[in-house]
Amino acid sequence: MKEMIFRFLVGGAVVCCFSALGDIFKPKSFAGLLGAAPSVALATLSLTLFKDGKHYAQIEARSMILGGFAFFLYAWLVAWLLVRSVVIRRKFSVLAVASTSLVLWFAAALGFFYVAFR
Amino acid sequence: MKVPKVRIDVSALREIKWYEYALRFLFGGAITVGAGLIAKRWGPELGGLFLAFPAIFPASATLVEKKEKEKKAKAGIDGTNRGRTLAGIDAAGAALGSIGLIAFALTVWIFLGDSPAWLVLFGATFAWALVGGVLWYLRKTKYGLRLLRARNR
C-alpha cells in the first residue's frame, strides 16, 4: 500500500511539472509537444529501477515503444477531428473527441502488443 | 526563411486554477499506479504499454479550449471554434511529441543494460525533447513539412 501511495505522489508530481512547462511555452503547437511528455514513464521507470532492476525496466521500455505509436495515432486522430469539426461546423466538444478517441489508443496499443508478443 | 520563435510566459501559470493542478496530479498519479498494477498482474510487457498512455491529454486539451473561450468571451466574441482549433493544434503538437516518446523508449531499451540508470533516463528525456523539437521546427519552417504539403497540392 505504501508503495502505491508513493507511486501516486511521484507520478502526480512529475505529470504536474511537465504540464506546467506546457502552460508557459508559446506558441501552442510547441506547447503541445509537452502533451506527450514522458512524465508517467519517468516516474514509473525510476521506481521500477529501484524495486525491480534494469531488466524489468527494459522490458517495460520495449512495450512503451508500441504505446508511443498508439499515442501518435491517437493524437493525430484528435487533431484531425477537432480541426475537421470546425471546418464542417459540427459541434464536437474537445472533451468528447479527446476521451472517445482513447478507444483508438487502446485498440492500437493492444493490437501492436498482440502482433509483437503473440 | 522565417524562423519560428518559442517564447516562455511564466505569467501563464497564474491563470491556472488550483483544481486544474489537482486534476492533473490526480490523473498523473492514477495512471502511474495503474501502470504499476497492470505490470504486477499481467507482466511488464503489458504494463509498459501504459507508460505512453495519453493520461492527461483530454484534460489539457479541454483546458486549452476553455481558456480560449473565456478569453474571447471577455471581448464579446464566441470563441468555440477558435478554442477547438487551438486544441487541435495542441493535439498536432502532441502527435510530434509522441514520436519523441518513441525515441525516449528506444533510448531506455537500448542503453539501460550497459549504462548508469540516471544517465540513461536523462539521455532519453533529452532524446524526447530533441526529436520533438526538431520535428516541430521542420513542420514550421518552409523547408520542412510545409514544403512537402505545398508540393502535394
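Just above, that's the structure.
Residues numbered from 1 in each chain as written. Chains lettered and ligands numbered in written order. Predicted model: local features only at pLDDT ≥ 70, side-chain atom pairs only at ≥ 80, totals over all residues. Heavy atoms only, no water.

(A) Seen up close, the interface of chain B and chain A. Listed per partner, the contact involves 78 residues of chain B and 77 residues of chain A. When residues of chain B are sorted by the area they lose upon contact with chain A, Leu49, Leu51 and Arg84 of chain B head the list and together hold 11% of the total. Our count for the chain B to chain A interface comes out at 3 salt bridges. Between Glu3 of chain A and Lys40 of chain B there is a salt bridge, with the nearest N and O atoms lying 3.8 Å from each other. Remark: the boundary between chain B and chain A carries 12 residue pairs in polar contact (both at pLDDT 80 or more). Elements supplying a minimum of two residues to the side of chain B that touches chain A: strand S1 (7-8), helix H1 (18-42), helix H2 (44-49), helix H3 (57-74), helix H4 (80-111) and helix H5 (117-140) of chain B. Here the side of chain B that touches chain A gets 25 residues from one element, more than from any other, and that element is H4 of chain B. For the side of chain B that touches chain A, the class distribution of residues is 50 nonpolar, 17 polar and 11 charged. Relative to S1 of chain B, strand S1 (residues 25-26) of chain A runs antiparallel, the two being bridged by 2 bridges. (Contact = heavy atoms within 4.5 Å. Buried area = accessible area lost by both parts, 1.4 Å probe. Salt bridge = Lys/Arg side-chain N within 4 Å of Asp/Glu carboxyl O. Polar contact = N/O pair within 3.5 Å; in protein donor to acceptor, adjacent residues only side chain to side chain. Helix = DSSP H or I, 4+ residues; strand = E, 2+ residues; numbered from the N terminus. Nonpolar A, V, L, I, M, F, W, Y, C, P; charged D, E, K, R; others polar. Pairing = 2+ DSSP bridges.)

(B) Local environment of the packing of aromatic side chains. Under the criterion given, the structure shown has 14 aromatic pairs over all chains. Pairing Phe106 of chain A with Phe50 of chain B gives two aromatic rings, centres 6.1 Å apart and planes at 55 degrees, and the pair type is tilted. A residue pair is termed interchain when its members come from two chains, as with Phe106 of chain A in helix H6 (residues 102-117) and Phe50 of chain B in the loop between H2 and H3. The class for Phe106 of chain A is partly exposed, based on a relative accessible area of 33%. The exposure class of Phe50 of chain B is buried, given its relative accessible area of 10%. For the pair Phe50 of chain B and Phe53 of chain B, a centre-to-centre distance of 6.0 Å together with 40 degrees between the ring planes defines the contact as tilted. For Phe53 of chain B, a relative accessible area of 15% translates into the label buried. (Phe/Tyr/Trp six-rings, centres within 6.5 Å; stacked < 30°, edge-to-face > 60°. Buried < 20%, exposed > 50% of the residue type's maximum accessible area, 1.4 Å probe, protein only.)

(C) Main features of the packing of H4 of chain B against H5 of chain B. All names here are of chain B. Remark: H4 packs on H5, axes separated minimally by 8 Å, with the N-to-C direction vectors making an angle of 150 degrees. Our pair here, H4 against H5, has a crossing hand that is right-handed. Side by side, H4 and H5 meet where Ala92, Leu96, Gly97, Ile99, Gly100, Leu101, Ala103, Phe104, Thr107, Val108 and Phe111 of the first sit next to Val120, Leu121, Gly123, Ala124, Thr125, Ala127, Trp128, Val131, Gly132, Leu135, Trp136 and Arg139 of the second. Taken together, the residues that form the contact of H4 with H5 break down as 16 nonpolar, 6 polar and 1 charged. (Axes fitted to C-alpha atoms, helices over the stretch in contact; angles between N-to-C directions. Left-handed = near helix turned anticlockwise from the far one by under 90°.)

Honestly, that's just the spatial picture; any functional story needs more than this.
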